[in-house]
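This is what each chain is made of:
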Amino acid sequence: MVIWLEGELGAGKTTLVRGLLRAAGETGPVKSPTYALVEVHVVSGLNFYHFDFYRFDQAEEYLDAGLDEYFSGSGVCLVEWPDKAAPYLPPADMRIELHVASGVESGPGGEGRRARIIAASDKGRACLAGVMSSSSLRQA
Ligand SMILES: Nc1ncnc2c1ncn2[C@@H]1O[C@H](COP(=O)(O)OP(=O)(O)OP(=O)(O)O)[C@@H](O)[C@H]1O
Ligand SMILES: [Mg+2]
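Below you will find a few notes about this structure. This structure is a prediction, so every number in the text was calculated from the model and none was measured. (Residues numbered from 1 in each chain as written. Chains lettered and ligands numbered in written order. Predicted model: local features only at pLDDT ≥ 70, side-chain atom pairs only at ≥ 80, totals over all residues.)

Some thoughts on the overall build of the protein chain
For step 1, the next point in the chain: Counting its secondary structure elements, the protein chain contains three helices and six strands.
For step 2, the next point in the chain: Along the protein chain, from the amino end to the carboxyl end, the secondary structure elements read β-α-β-β-α-β-β-β-α.
For step 3, the next point in the chain: Relative to a compact globule of 140 residues, whose C-alpha radius of gyration would be 14 Å, the protein chain shows 15 Å and is just as compact.
For step 4, the next point in the chain: For the protein chain, the spread of C-alpha atoms along the three principal axes comes to 45 × 30 × 30 Å.
For step 5, the next point in the chain: Within the protein chain, the fraction of its 140 residues that count as buried is 25%. (Helix = DSSP H or I, 4+ residues; strand = E, 2+ residues; numbered from the N terminus. Rg over C-alpha atoms; globule rule 2.2 N^0.38 Å. Buried ≥ 20, exposed ≤ 12 C-beta atoms within 10 Å, placed from the backbone.)

What to know about the site of ligand 1
For step 1, the next point in the chain: The environment of ligand 1 is made up of 15 residues, and the closest members are G12, K13, T14, T15 and R113.
For step 2, the next point in the chain: At three residues, helix α1 (residues 13-24) tops the list of elements feeding residues into the shell around ligand 1.
For step 3, the next point in the chain: Taken together, the residues of the shell around ligand 1 sort by class into three nonpolar, seven polar and five charged. (Near = placed C-beta within 6 Å. Nonpolar A, V, L, I, M, F, W, Y, C, P; charged D, E, K, R; others polar.)

Things to note about helix α3 (residues 122-133)
For step 1, the next point in the chain: The end-to-end C-alpha distance of α3, which contains twelve residues, comes to 16 Å, matching closely the 16 Å that a straight helix rising 1.5 Å per residue would cover.
For step 2, the next point in the chain: In terms of burial, α3 is largely open, as just one of its twelve residues are buried. (Expected span 1.5 Å × (residues − 1).)

Things to note about the nonpolar core
For step 1, the next point in the chain: If you look at the biggest cluster of nonpolar residues, it comprises 22 residues, and the most contacted ones within it are I3, L5, F51, C77, L78 and V79.
For step 2, the next point in the chain: Breaking this core down by element, the ones donating at least two residues are β1 (2-6), α1, β3 (46-52), β4 (76-80) and β5 (94-100).
For step 3, the next point in the chain: Here this core gets four residues from one element, more than from any other, and that element is β1.
For step 4, the next point in the chain: Setting aside residues up to four positions removed in sequence, L5 forms contacts with K13, L16, V17, L78, V79, E80, I96 and L98. (Core = buried A, V, L, I, M, F, W, Y, C linked by C-beta atoms within 7 Å. Contact = placed C-beta atoms within 7 Å.)

Regarding the pairing of β3
For step 1, the next point in the chain: Here six bridges tie strand β2 (residues 38-43) to β3, and the two strands are oriented antiparallel to one another. Directly across from V43, in β3, lies its bridge partner L46.
For step 2, the next point in the chain: Taking the residues that link successive antiparallel strands as the turn, the β2-β3 hairpin has two residues, and the phi of S44 there is positive, at about 55 degrees.
For step 3, the next point in the chain: Where β3 meets β4, five bridges bridge the pair, whose relative direction is parallel. In the sheet register, Y49 faces β4, and the bridge partner there is C77. (Pairing = 2+ DSSP bridges.)

This is a description of form; function is not addressed.
Here it is in structure tokens:
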């Protein structure tokens, strides 16, 4: 399963991944992979690979770092800044676009976030259907 997390600096990509991993049962720290490029979490019998390609100057750095191997296994790959490695990344099963909410969108607590979730494969559609049926999210 490959999930792309898209949105400007500070849009909330790492925070969303942290929430997802907490929900999956991760009790340890969930660090941003900005410097390590990948952080691995083994939880609930699943391997989660959390990437951040922000620091790439060239997409070829993705290949040089040998990161393509992570995508050939059975884990869940969560990718921040996928566009920085775009020509070499396998296609996403799901894309999550985040942006900082403003005005009426931001809710009573002040600054919130809006997420647009796009299922891009059969696997992604099955996953999104599961999320929708078990939550109060509004389908657009
Ligand atoms: N849903 C949210 N509501 C309010 N604040 C949030 C939310 N999500 C993230 N933040 C805050 O926004 C800031 C940036 O969040 P985060 O580091 O997750 O962004 P990011 O998209 O991963 O940024 P980068 O592109 O630098 O990796 C943090 O201070 C975080 O606490
Ligand atoms: Mg981040």
